[in-house]
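Examination of the molecular architecture
Listed here are the chains, written in short residue letters.
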Amino acid sequence: MNKVILMGRLTRDPEVRYSQGAESMAIGKFSIAVDRRFARKNAGGDEPTADFFNCTAFGKLGQFVENYLKQGTKVVVSGRIQNDNYTNKNGEKVYSVQIIAEEIEFAESKNSQGGGSSDGGFDRPAPENASADGFMNVPGGEDSLPFK
């Protein structure tokens, strides 16, 4: 079984390109920084407190990446790990891996990212009978409530 689930923030804006051919497909590439649970101290100083993973999304998920993700967005990515090993121009073997995204979800609200409102991005007017403390005045007073 090859399954990975990561939660982190995009390190830069995603790069999206489209494949050639009759049915072009979106290919979205992005990188996420995943915080480590515990940072260790070593003799030379602190070790990194995050790991960085290159991710790729295809098709409709690639379009989602293009339309909704940007640097700093916190996401949960589930997918599989794929080897990207190759031999460079100098004849040296280069080893790397990437995450092939199968699902991507937002890991925080739009409001906590610094934009939008806490109610999912909808601007609702305050009720007419709201008081300054944010509570609504109940018509007929508290005595008319069905519970006490």
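For the structure itself, look to the data block above.
**Points about the overall build of the protein**
The secondary structure content of the protein amounts to 1 helix and 10 strands. Along the protein, from the amino end to the carboxyl end, the secondary structure elements read β-β-β-β-β-β-α-β-β-β-β. For the protein, buried positions account for 22% of its 148 residues. Sequence-distant contacts in the protein: of pairs separated by 6 or more residues, those separated by 24 or more amount to 57%. On the protein, roughly 11,200 Å² of surface is accessible, and the fraction owed to carbon and sulfur atoms is 50%.

**Side note on the pattern of salt bridges**
Within the structure shown, the criterion is met by 4 salt bridges. Note that K3 is salt-bridged to E102, the shortest N-O span being 3.8 Å. Within this pair, whereas K3 is found in the segment before strand 1 (4-10), its partner E102 is found in strand 10 (residues 97-106), the two being separated by 99 residues in sequence. In this structure K3 comes out as partly exposed when scored by relative accessible area, which is 46%. Taking the shortest distance from any N to any O, the salt bridge between R9 and E108 comes out at 2.9 Å. Taken as a pair, R9 in strand 1 and E108 in the segment after strand 10 lie far apart in primary sequence, 99 residues in all. Given a relative accessible area of 36%, R9 falls into the partly exposed group. Connected through shared salt-bridge partners, K3, R80 and E102 make up one network.

Cut-off values and rules
- All residue numbers refer to position in the chain's written sequence, counted from 1.
- Note on the predicted model: pLDDT of at least 70 is required for a residue's local features to be given, and 80 or more for side-chain atom pairs to be given and counted; whole-chain, interface and lining totals, by contrast, use all residues.
- Values reported for side chains reflect all heavy atoms of the structure, with hydrogen atoms and water molecules removed beforehand.
- Helix numbers and strand numbers start at the N terminus; a helix is a DSSP run of H or I with at least 4 residues, a strand a run of E with at least 2.
- Classification of residues uses two cut-offs on accessible area relative to the type maximum, computed with a 1.4 Å probe and protein chains only: under 20% is buried, over 50% is exposed, and between them is partly exposed.
- Residues count as neighbours in contact if any of their non-hydrogen atoms are within 4.5 Å of one another.
- Residue exposure ignores everything except the shown protein chains as possible cover, and the areas themselves are Shrake-Rupley values with a 1.4 Å probe.
- Just to be clear on terms, a salt bridge is a Lys or Arg side-chain nitrogen sitting within 4 Å of an Asp or Glu carboxyl oxygen.

Everything listed here is a matter of coordinates, which is why it stays silent on function.
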